[in-house]
Amino acid sequence: MAAATPRRRKARLTMPPVITDVHLTPILIADAPLLNVGGVHQPYTPRLIVEIETDSGVTGLGETYGDHHYLAMATDLAPSLIGMPVTACHAIRRLGGSDTRMLADNPIAGGLADNPIAGGLRGTLTTDKVRLSVISAFETAALDATGRALGLPVYALLGGKVRDRVDYSGYLFYKWAEHPVSDAPTDEWGEVLDPDGVVRLAESFSAHGGFRSFKLKGGVFPPEEEVAAITALAKAFPDHPLRLDPNGGWSLATATAVAESLTGVVEYLEDPTADVAGMAELHRRTGMPLATNMIVTAVDEIRPAFDADAVQVVLSDHHFWGGLHATRELAAVCHAYGKGVSMHSNTHLGISLAAMTHVAATVADLDYACDTHYPWQAEDVITERFSFTEGSIAVSDAPGLGVDLDRDELDRLHHRWQTMPALRDRDDVAAMRAAEPGYLPHISPKY
Ligand code: GKR
Ligand code: MG
């Protein structure tokens, strides 16, 4: 008897939701007086929150850098999102075309020529990096909306997770006890200016979130002092991988001396020198693994750095690489070249942390704990703040990013942005001048 032909179920054809509106809300969030090679953090730092609405009623959230050039770019590109399906991530990435001019030469988003570290220490600031940082928030919002429409978490839209928790490192900074200006926010972490302070801070981070690895932001004090801080950390936390990142603030000679002192103590040095040639020579001389979020920050920077073996670990920032799909593509390139991959972070809130966690959950070769500034942020625009357990965050199975907007907080932080025009661009140099009026940034090398 012939077997009965199985009845094919009729596919239910549904069209993806279409974007009908985009809201851009610039905000200022409280920040601690964290020191780096180029100055100190302002009391408040800008972020941009993106909300998309769709014809199906689902909405999506994204977050990115919020300085004026990002806001200008987002304002310029947002209307093009309207009418696009939320699933059109690759088309979203092409919005605005590619423009590799230096940002200062760009008529829409220019004006940074006098502040080379505005928005963070992230390498050369091209127009395209700003565009991609904006696109990244659009893509995150589209993925969030798609996930909400389908009842699927964002990691599932990226191909599925390979881990249930994502590890983050405790990101330690030298810092002042308070900002040098009145009416600034206070923080609970106290002053950190020497090795004992660094160890105390690591203990607080450990108590706060059980972090199992630590990164110290360096380039602040003479390198011997920072080596002493790392050595003290290694003694206090013997099983914890450690890293030191002076944001390109050392000469090759200084970096070589530091690498020799810290061989076997740190898992890598991050951006010890500012350029490909210096990093390549340092690695050749010392064998020290080198990570970067400064010399490999865009597609055209990959090949020169990899060919010269200047970098062993790339720290992706999903904002300036252009989103979560682009981050996975970078991870694939790193895999092909035998390079490690992990994640960079700048001051950010929970929407970006959710996005980082979803994409990190899908990258098989993520061998190092990701960076995050999140513990430094006392404010957020999501209803339930993330907390760290053993230095990690559970990957959410809720639809979309798994975070909800706290509209009252968004309004409050936007009101702050409206009332503090002087702080709408992150400017670590200006913030430092509040304490040292004659301060001049040492770009590189500082030591
Ligand atoms: O916020 O001071 C800071 C950091 O130095 C930041 O600007 C960097 O982009 O954290 C970043 C890094 O790893 O270089
Ligand atoms: Mg770095």
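About the cut-offs
Residues numbered from 1 in each chain as written. Chains lettered and ligands numbered in written order. Predicted model: local features only at pLDDT ≥ 70, side-chain atom pairs only at ≥ 80, totals over all residues. Heavy atoms only, no water. Helix = DSSP H or I, 4+ residues; strand = E, 2+ residues; numbered from the N terminus. Rg over C-alpha atoms; globule rule 2.2 N^0.38 Å. Buried < 20%, exposed > 50% of the residue type's maximum accessible area, 1.4 Å probe, protein only. Areas by Shrake-Rupley, 256 points an atom, 1.4 Å probe, with all protein chains shown as cover. Lys, Arg positive; Asp, Glu negative; His and termini not counted. Charge placed at Lys NZ, Arg CZ, Asp CG, Glu CD. Right-handed = clockwise from strand over helix to strand, strands pointing away. Pairing = 2+ DSSP bridges. Domains from an automatic or database assignment. Buried area = accessible area lost by both parts, 1.4 Å probe. Salt bridge = Lys/Arg side-chain N within 4 Å of Asp/Glu carboxyl O. Polar contact = N/O pair within 3.5 Å; in protein donor to acceptor, adjacent residues only side chain to side chain. Nonpolar A, V, L, I, M, F, W, Y, C, P; charged D, E, K, R; others polar. Near = heavy atom within 4 Å. Axes fitted to C-alpha atoms, helices over the stretch in contact; angles between N-to-C directions. Donors = N, O, S within 2.8 Å, 3.2 Å for Na, K, Ca; no water. Phe/Tyr/Trp six-rings, centres within 6.5 Å; stacked < 30°, edge-to-face > 60°. Lys NZ or Arg CZ within 6 Å of the ring centre and 35° of its normal. Contact = heavy atoms within 4.5 Å.

### So, the overall build of the chain
- Of the regular secondary structure elements, the chain holds 14 helices and 14 strands.
- The C-alpha radius of gyration computed for the chain amounts to 22 Å, which stays within 12% of the reference 22 Å derived for 447 residues, consistent with globular compactness.
- For the chain, the spread of C-alpha atoms along the three principal axes comes to 80 × 60 × 45 Å.
- Looking at the chain as a whole, 57% of its 447 residues qualify as buried.
- Summed over all atoms, the accessible surface of the chain reaches about 17900 Å², with 52% contributed by carbon and sulfur.
- Placing the 36 positive and 58 negative side-chain charges of the chain at their respective mean positions leaves the two points 8 Å apart.

### What to know about the pairing of strand β9 (residues 242-245)
- Neither face of β9 is open: one carries Leu 242 and Leu 244, the other Arg 243 and Asp 245, and all of them are buried.
- For the handedness criterion, the β-α-β arrangement of strand β8 (residues 214-217), helix α6 (residues 223-236) and β9 is classed as right-handed.
- In this sheet, strand β10 (residues 268-270) lies alongside β9 in parallel orientation, the contact comprising 2 bridges. Bridging across to β10, Leu 244 finds its partner in Leu 269.
- In this view, the connection linking β9 to its parallel neighbour β10 by way of helix α7 (residues 252-262) has right-handed handedness.

### Section: the domain arrangement of the chain
- You can read the domains of the chain as domain 1 (19-152 + 409-433) and domain 2 (159-401).
- Across the domain 1/domain 2 interface, buried area totals approximately 4100 Å², and carbon plus sulfur atoms make up 62% of it.
- Contact with domain 2 buries area across many residues of domain 1, yet Pro 33, Leu 35 and Glu 63 alone supply 16% of it, more than any other trio.
- Counting every contact that joins domain 1 to domain 2 gives 3 salt bridges.
- Residues Glu 329 and Arg 93 are paired through a salt bridge, measuring 2.9 Å at the closest nitrogen-oxygen approach.
- Applying the counting rule to domain 1 against domain 2 returns 25 residue pairs in polar contact (both at pLDDT 80 or more).
- The element that contributes the greatest number of residues to the side of domain 1 that touches domain 2 is helix α3 (residues 127-150), accounting for 11 residues.
- Split into classes, the residues belonging to the side of domain 1 that touches domain 2 amount to 25 nonpolar, 16 polar and 13 charged.

### Brief notes about the site of ligand 1
- By nearness alone, 17 residues border ligand 1, and Asn 36, His 41, Tyr 171, Lys 215 and Asn 247 come closest of all.
- Taking Asn 36, its side chain carries an N or O atom lying 2.7 Å from an oxygen atom of ligand 1.
- Within the contact set of ligand 1, an oxygen atom lies 2.9 Å away from a side-chain nitrogen or oxygen of Lys 217.
- Calculation on ligand 1 without its partners gives an accessible area of 340 Å², and the protein chains cover 100% of this total.
- Within the residue set of the shell around ligand 1, elements represented by two or more residues are β7 (170-173) and β8.
- Partitioned by chemical class, the residues of the shell around ligand 1 number 3 nonpolar, 9 polar and 5 charged.
- Built from parts of two domains, the shell around ligand 1 gets at least three residues from each of domain 1 (19-152 + 409-433) and domain 2 (159-401).

### Topic: the sheet that holds strand β12 (residues 313-316)
- Read from one edge of the open sheet, 7 strands run β7-β8-β9-β10-β11-β12-β13, paired in parallel fashion. Where the open sheet ends on each side, the last strands, each with one partner, are β7 and β13 (340-343). Averaged over all neighbouring strand pairs, the angle between strand axes comes to 25°, with direction disregarded.
- Strand direction decides the pairing type here: β12 and β13, joined by 4 bridges, are parallel. Residue Val 314 lies in a different strand from β13, and its bridge partner there is Val 341.

### A short note on the coordination of the magnesium ion (ligand 2)
- Coordination sphere of the magnesium ion (ligand 2), protein contribution only: Asp 245 (OD), Glu 270 (OE) and Asn 293 (OD1), at 1.9 to 2.2 Å.
- Residue Glu 270 is classed as buried on the basis of its relative accessible area, which comes to 0%.
- Of the residues examined, Asn 293 reaches a relative accessible area of 1% and is grouped as buried.

### Things to note about the packing of aromatic side chains
- Counting across every chain of the model gives 15 aromatic pairs.
- A centroid spacing of 4.9 Å and a plane angle of 65° characterise the contact between Phe 306 and Tyr 337, whose relative ring orientation is edge-to-face. Placement of Phe 306 in helix α9 (residues 299-307) and of Tyr 337 in helix α11 (residues 324-337) is noted, with a sequence separation of 31 residues between them.
- With a relative accessible area of 5%, Phe 306 lands in the buried category.
- Taken together, the ring pairs connect Tyr 168, Tyr 171, Phe 173, Trp 189, Phe 205, Phe 211, Tyr 374, Trp 376, Phe 386 and Phe 388 into an aromatic cluster.
- A cation over an aromatic ring shows up here: Arg 47 above the ring of Tyr 65, its NZ or CZ 5.1 Å from the ring centre.
- In this arrangement the basic side chain of Arg 424 is found over the ring face of Trp 417, its NZ or CZ atom lying 3.8 Å from the centre.

### Things to note about the environment of Gly 322
- Along the chain, Gly 322 falls in the loop between α10 (318-321) and α11.
- If we ignore the near neighbours within four places in the chain, the residues touching Gly 322 are Arg 93, Leu 132, Ile 135 and Ser 136.

### Some remarks on unusual backbone geometry
- The phi angle at Asp 183 is positive, at roughly 60°, despite the residue not being glycine.
- Structurally, Asp 183 is set in the loop between β7 and α5 (195-209).
- We classify Asp 183 as exposed; its relative accessible area is 72%.

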